[in-house]
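The residues making up each chain are set out below.
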Amino acid sequence: MSGRSLRVAAGQLGPISKDDSRESVVDRLLLLLEKAAKSDVDLIVYPELALTTFFPRWYFEEESAIDCFFETEMPSSETQRLFDAAKSFGIGFCLGYAELTPDGHRYNTQILVERDGGIVGKYRKVHLPGHEEHEPWREFQHLERRYFEAGATFPTWNAFEGIVGMAICNDRRWPETYRCLALGGAELILIGYNTPLHYDPDPSQNDLAGFHNHLVMQSGAYQNGCFVVGVAKGGLEEGVESLAESCIISPTGEIISSASTSDDELIIADIDLDLCDNYKNTVFDFDRYRRPDTYSPIASQKGKIMPAEREGGS
Ligand code: CDV
């Protein structure tokens, strides 16, 4: 391989039940890691909230009832094995989990761990989907907005011979995510997700879940000259079917590797981070072609302002 070459993998997970122990989940992460090691992978990406079932699907009245799904330290006694094994193989990893800070804040978090076992980056999910209150009319709840605080930035890090950024699930649907990361130089964006196939607010979107998943990540990769690794926790988990279809996407916008099951599965791609420059230095040469002077609504305005409400509008 030439240029800044890297072998990356998506470590897709199948369902995790409510009663599954952390130990059994870490066993599964280790199996994927061992497979990756046999294929000389440099970096393996695991899904969002990879250590537990997707607990925001349930309403818990008592806040303390969700404590069992959160990590208060990382590495923890249960995940230390993963850190040790990855270091011994010389493989980096990206892992999503629910974080409870010492001062009581809760985040939907993803960390980036280098090949020497050190945590180089931590990202806290910015776009929290779903709702704050119990909504019994739904087939199942999506209470991320009740259980997590939102992160506030899209950091990037020098790691894996390039510049790496992270995003979590719903973040991938927002073009602002990729653009903020690319403005921080991102060449490789790592995204874990849990996407139920049924969307109660508008079930007409259900059949399009796979299409939308690829659409947003492929356009984010192309429009920002980045590689994207999108990794699912898919399959039938506690009665809720979730999208699998993990994939690795090139800055060309093309999918270069994709999962074929809804279970634990490793997919691999050889990537050359120098390919990003083909796009970053041409059609998406930000310095030359972007017009931030015309984009002020993007950073200053949240909802839409209709023509009649705008000064001079009609
Ligand atoms: N975990 C997520 O963020 N899931 C959302 C669902 C609720 C739409 C997603 O964007 O996939």
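In this text, all values refer to a predicted model and were calculated from it rather than measured experimentally.

A. View of the pattern of salt bridges. With the rule as written, the count across this model stands at 20 salt bridges. Arg-4 serves as the salt-bridge partner of Glu-187, at 2.8 Å between the closest nitrogen and oxygen. Taken together, the residues span a long stretch of sequence, with Glu-187 in the loop between α4 (175-183) and β9 (188-193) and Arg-4 in the segment before β1 (5-12) at a distance of 183 residues. Among the residues examined, Glu-187 registers a relative accessible area of 7% and is labelled buried. The closest approach of N and O atoms between Arg-28 and Asp-264, which form a salt bridge, is 2.7 Å.

B. Inspection of the nonpolar core at higher detail. In this structure, Leu-112, Leu-188, Leu-190, Met-217 and Val-229 are the most contacted members of the largest nonpolar core, which totals 44 residues. Dropping the residues within four chain positions of it, Leu-112 is found in contact with Leu-43, Phe-93, Cys-94, Gly-118, Ile-119, Val-120, Gly-121, Ala-159, Phe-160, Val-164, Met-166 and Leu-190. With 28 residues, the next largest nonpolar core counts Ala-50, Leu-82, Ala-86 and Ile-91 among its residues.

C. Main features of a nonpolar patch on the surface. Taken together, the side chains of Leu-208, Phe-211 and Leu-215 present a nonpolar region at the surface, about 280 Å² in accessible area. We classify Leu-208 as partly exposed; its relative accessible area is 37%.

D. Inspection of unusual backbone geometry at higher detail. A cis amide bond links Met-74 with the next residue in sequence, Pro-75, at an omega value of 0°. With respect to the secondary-structure elements, Pro-75 resides in the loop between β3 (70-71) and α2 (80-89). Its identity is not glycine, yet Asp-40 carries a phi of approximately 55°, on the positive side. Looking at the element boundaries, Asp-40 is found in the loop between α1 (22-38) and β2 (43-45). Even without a glycine there, the phi angle at Leu-49 is positive, about 45°. If you trace the backbone, Leu-49 turns up in the loop between β2 and β3. Take Leu-49: its relative accessible area is 1%, and that puts it in the buried class.

E. Summary view of the environment of Thr-109. Examined against the element boundaries, Thr-109 turns out to sit in strand β5 (residues 106-113). Along the chain, Thr-109 and Gly-165 lie 56 residues apart, while their C-alpha atoms are 13 Å from each other. Filtering out sequence-adjacent residues up to four positions away, Thr-109 remains in contact with Leu-95, Gly-96, Tyr-97, Glu-99, Lys-122, Tyr-123, Arg-124 and Ile-168. A distance of 2.7 Å separates the side chain of Thr-109 from the side chain of Glu-99, its partner in a polar contact.

F. Region of interest: the state of the cysteines. Inspection of every chain in the model, using the stated rule, returns zero disulfides. Of the cysteine sulfurs around Cys-180, a residue in no disulfide, the closest is that of Cys-226, at 12 Å.

G. Region of the structure containing the site of the ligand. As a structural note, the neighbourhood of the ligand is formed by Glu-48, Phe-54, Lys-125, Pro-129, His-142, Glu-144, Cys-169, Asn-170, Arg-172, Arg-173, Asn-194 and Thr-195. For the ligand, a nitrogen atom lies 3.1 Å from a polar atom in the side chain of Glu-48. Partitioned by chemical class, the residues of the shell around the ligand number three nonpolar, four polar and five charged.

About the cut-offs
- Residues numbered from 1 in each chain as written.
- Predicted model: local features only at pLDDT ≥ 70, side-chain atom pairs only at ≥ 80, totals over all residues.
- Heavy atoms only, no water.
- Salt bridge = Lys/Arg side-chain N within 4 Å of Asp/Glu carboxyl O.
- Helix = DSSP H or I, 4+ residues; strand = E, 2+ residues; numbered from the N terminus.
- Buried < 20%, exposed > 50% of the residue type's maximum accessible area, 1.4 Å probe, protein only.
- Core = buried A, V, L, I, M, F, W, Y, C linked by side-chain atoms within 4.5 Å.
- Contact = heavy atoms within 4.5 Å.
- Patch = residues over 30% accessible without salt bridge, like charges linked within 9 Å, V, L, I, M, F, W, Y side chains within 5 Å.
- Areas by Shrake-Rupley, 256 points an atom, 1.4 Å probe, with all protein chains shown as cover.
- Polar contact = N/O pair within 3.5 Å; in protein donor to acceptor, adjacent residues only side chain to side chain.
- Disulfide = S-S within 2.5 Å.
- Near = heavy atom within 4 Å.
- Nonpolar A, V, L, I, M, F, W, Y, C, P; charged D, E, K, R; others polar.

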